[in-house]
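Topology and contacts: notes
Here are the chains, one letter per residue:
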Amino acid sequence: MAQLEQLTTPVDAVVSRMRALAATLPERDGVAVFNRVYLTVTEEVDRRLDTGAFPEPRAAIALDVRFAERYLAAVDAADADRRPPACWRPLFQLRRHPGVRPLQFALAGINAHIGHDLALAVVDACRTLGCEPPELEDEFDRVGDLLGSLEERIREDLMPGPDLLQIADPLTHLLASWSLERARDAAWVAARSLWALRHCGDMAEEFTERLDAAVGFAGRMLLTPLTD
């Protein structure tokens, strides 16, 4: 694997940026809800890097940082009144809607970040490291497994109690419509497709735009306002 070039943002700086963002946002804000979830994941990645849990730490750092930079760039765009990628727009547009529940905000952010950003982060990391996507598959899977292990905790923290979440509750049906595992699988396929198209100019751009739009549409569905 080629020598790692200087990364724009090291993992500890990413963590610091997310903590600072958390300190400035109201607790109920939809972006704050997702930020808390993502901060937990990134802190755990950082801890595992410190303990040597990743066999290829340079690759894991590259993937984790490029991944986080996509989210932080969307935050910066929204803060500057610029349009973030389509996958993120529903969350920023509905972040204060009283009819959207915290778990919906969390899942919509995860949907945008995994469904769109993860595929592009793999390509970004491959360019940084001078490698092919298959060389990052172990790190991709390790980060994905970590996200999966935290999903249950996320649902436990944000899910309404059993007395509130009945089978007829619309949130039950929204939760059943989205799967982290399927999103991960689709992100890997999209990453390999984008890598194969990297020299194809217009085709790569069109693929990226369509991926962005499709993930944004799914995010808008996840954020459907619900009545109590």
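Scroll up to find the structure this text is about.
Treat the numbers as computed from the prediction; the structure is a model and nothing was measured. (Residues numbered from 1 in each chain as written. Predicted model: local features only at pLDDT ≥ 70, side-chain atom pairs only at ≥ 80, totals over all residues. Heavy atoms only, no water.)

1. Overview of the nonpolar core
- If you look at the biggest cluster of nonpolar residues, it comprises 71 residues, and the most contacted ones within it are Tyr71, Trp88 and Ile114.
- Of all the elements in the fold, those that place two or more residues in this core are helix H1 (11-24), helix H2 (30-50), helix H3 (57-79), helix H4 (89-94), helix H5 (102-129), helix H6 (137-158), helix H8 (180-196) and helix H9 (202-222).
- Ranked by residues supplied to this core, first place goes to H5 with 17 residues.
- Ignoring sequence-local partners within four residues, the contact set of Trp88 consists of Phe34, Tyr71, Ala74, Gly109, Ala112, His113 and Asp117. (Core = buried A, V, L, I, M, F, W, Y, C linked by side-chain atoms within 4.5 Å. Buried < 20%, exposed > 50% of the residue type's maximum accessible area, 1.4 Å probe, protein only. Helix = DSSP H or I, 4+ residues; strand = E, 2+ residues; numbered from the N terminus. Contact = heavy atoms within 4.5 Å.)

2. Observations regarding the pattern of salt bridges
- Within this structure, the stated rule accounts for 10 salt bridges.
- As a salt-bridge pair, Glu69 and Arg66 come within 3.2 Å of each other at their nearest N and O atoms. Of this pair, Glu69 and Arg66 both sit in helix H3, 3 residues apart, roughly one helical turn. Across the pair, exposure class does not vary: Glu69 and Arg66 are buried alike.
- Between Arg70 and Asp124 there is a salt bridge; the shortest N-O distance is 2.9 Å. (Salt bridge = Lys/Arg side-chain N within 4 Å of Asp/Glu carboxyl O.)

3. Let's talk about the side chain of Arg184
- Looking at the element boundaries, Arg184 is found in helix H8.
- Assessed through its relative accessible area of 15%, Arg184 is described here as buried.
- In this structure the side chain of Arg184 is engaged in a polar contact, spanning 3.3 Å, whose partner is the backbone oxygen of Gly144.
- The residues contacting Arg184, other than those within four sequence positions of it, are Ile114, Phe140, Asp141, Gly144 and Asp145. (Polar contact = N/O pair within 3.5 Å; in protein donor to acceptor, adjacent residues only side chain to side chain.)

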